[in-house]
Amino acid sequence: GVEVQTDYVPLLNSLAMYGWQLTCVLPTPIVKTNREGNLSTKQIVFLQRPSLPQKAKKKESKVSNF
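Report on the accompanying structure. (Residues numbered from 1 in each chain as written. Predicted model: local features only at pLDDT ≥ 70, side-chain atom pairs only at ≥ 80, totals over all residues. Heavy atoms only, no water.)

**A word on the overall build of the chain**
(1) Moving on: Each helix and strand counted, the chain has one helix and two strands in total.
(2) Moving on: For the chain, the α and β elements follow one another from N to C terminus as α-β-β.
(3) Moving on: Counting over 66 residues, the chain shows a buried share of 2%.
(4) Moving on: The long-range share in the chain, meaning contacts at least 24 apart out of those at least 6 apart in sequence, stands at 40%.
(5) Moving on: When the accessible surface of the chain is totalled, it reaches about 6900 Å², and 55% of it is carbon and sulfur. (Helix = DSSP H or I, 4+ residues; strand = E, 2+ residues; numbered from the N terminus. Buried < 20%, exposed > 50% of the residue type's maximum accessible area, 1.4 Å probe, protein only. Contact = heavy atoms within 4.5 Å. Areas by Shrake-Rupley, 256 points an atom, 1.4 Å probe, with all protein chains shown as cover.)

Have a look at this one:
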């Protein structure tokens, strides 16, 4: 008789435009009760994004005068 509600959609939509993707959600043992008697838990959210290709740096010729 327990209903779990999560809403990660706003978070994921805001981060998706920067290339972030949800990889894992870990529940924590932290549980809080509000005035209505509803329980809430804290969760750890892991995100990742693919590495971006680095721009090729031009090799500058180093000239040394002796």
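**Some points on the pairing of strand S2 (residues 39-48)**
Within a regular strand, side chains alternate between the sheet's two faces.
(1) Moving on: Where strand S1 (residues 21-33) lies against S2, nine bridges are found, and the strand directions are antiparallel. Across the sheet, Val25 pairs through a bridge with Val45, a residue of S2.
(2) Moving on: Where S1 hands over to S2, the hairpin turn is made up of five residues, of which Gly37 adopts a positive phi near 90°. (Pairing = 2+ DSSP bridges.)

**Considerations on a nonpolar patch on the surface**
(1) Moving on: The grouping of Met17, Tyr18 and Trp20 at the surface amounts to a nonpolar patch, some 370 Å² of accessible area in total.
(2) Moving on: Relative to the helices and strands, Trp20 is located in the loop between helix H1 (9-16) and S1.
(3) Moving on: Trp20 sits in the partly exposed class, given a relative accessible area of 32%. (Patch = residues over 30% accessible without salt bridge, like charges linked within 9 Å, V, L, I, M, F, W, Y side chains within 5 Å. Salt bridge = Lys/Arg side-chain N within 4 Å of Asp/Glu carboxyl O.)

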